[in-house]
Amino acid sequence: MTESDKLQQALDRLIKKTKAGEINWKETLPDNAYMASFPSHSVCIGPAPDSQGVIVSLFDKSGSVFLEQTATSAGVRNPGGALVGSKILELYRLVHASTPQLLERDRLLEELA
């Protein structure tokens, strides 16, 4: 199994569990970046440093990045193909839309309207 296949499999599981509400994503700094922690790994997803796309980073238990991929609407910057890129963008949209802090902000804005 290639690194791309492994990343695609991880993204599929993250998407499925995010849709089911089984992952507790936390908003991090800078804004619009999110992290989920697991017993021996963490996942971070957010805008790429150059603001051109979305980057997903997988960390081991010591906090070292062991896999990182950047995707833009135009495609994937690193090898992995368009499918991986589309899954990164889908995961980011799901996480961004489902984060409790954002839902609370939306509720506050509705109350203030």
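Residues numbered from 1 in each chain as written. Predicted model: local features only at pLDDT ≥ 70, side-chain atom pairs only at ≥ 80, totals over all residues. Heavy atoms only, no water.

*Asks:* Describe the environment of Asp-5, listing the residues and the values that go with them.
*Replies:* Of note, Asp-5 is situated in helix α1 (residues 3-19). Taking the C-alpha atoms as reference points, Asp-5 and Val-84, 79 residues apart in sequence, are found 8.6 Å from one another. (Helix = DSSP H or I, 4+ residues; strand = E, 2+ residues; numbered from the N terminus.)

*Asks:* Could you give an account of α1, with specific residues and numbers?
*Replies:* With 17 residues, α1 should cover 24 Å at 1.5 Å per step; its first-to-last C-alpha distance of 24 Å lies within 8% of that length. Gly-21, located one to two residues past α1, shows a positive phi value of around 75 degrees. (Expected span 1.5 Å × (residues − 1).)

*Asks:* Explain the environment of Gln-69 to me, using residue names and the numbers behind them.
*Replies:* Within the secondary structure, Gln-69 is located in strand β5 (residues 65-72). Taking the C-alpha atoms as reference points, Gln-69 and Leu-58, 11 residues apart in sequence, are found 9.1 Å from one another.

*Asks:* Talk me through the pairing of strand β3 (residues 42-47); I want residue IDs and the actual numbers.
*Replies:* The element β3 is extensively covered by neighbouring structure, given that 5 of its 6 residues are classed as buried. Note: β3 against strand β4 (residues 54-59), 6 bridges, orientation antiparallel. From the neighbouring strand, Gly-46 faces β4, where its bridge partner is Ile-55. The loop that links β3 with its antiparallel partner β4 comprises 6 residues; one of these, Ser-51, has a positive phi angle of about 60 degrees. (Buried < 20%, exposed > 50% of the residue type's maximum accessible area, 1.4 Å probe, protein only. Pairing = 2+ DSSP bridges.)

*Asks:* Any details on the nonpolar core? Residues and values, ideally.
*Replies:* Grouped together as the largest cluster of nonpolar side chains are 21 residues, with contacts concentrated most on Trp-25, Ile-45, Ile-88 and Leu-91. Ranked by the residues each element gives to this core, the list is headed by helix α2 (residues 81-98), at 6 residues. (Core = buried A, V, L, I, M, F, W, Y, C linked by side-chain atoms within 4.5 Å.)

*Asks:* Any chance you could break down the pattern of salt bridges for me, citing the residues and the numbers?
*Replies:* Taken as a whole and judged by the stated rule, the model has 3 salt bridges. One salt bridge connects Glu-22 with Lys-17, and the closest N-O pair in it is separated by 3.3 Å. Taking relative accessible area as the criterion, Glu-22 reaches 53% and is therefore assigned exposed. Judged by its relative accessible area of 38%, Lys-17 is partly exposed. Note that Glu-90 is salt-bridged to Lys-19, the shortest N-O span being 3.6 Å. One end of the pair, Glu-90, is in helix α2; the other, Lys-19, is in helix α1, and 71 residues separate them in sequence. Residue Glu-90 is classed as partly exposed on the basis of its relative accessible area, which comes to 27%. With relative accessibility at 56%, the residue Lys-19 sits in the exposed group. (Salt bridge = Lys/Arg side-chain N within 4 Å of Asp/Glu carboxyl O.)

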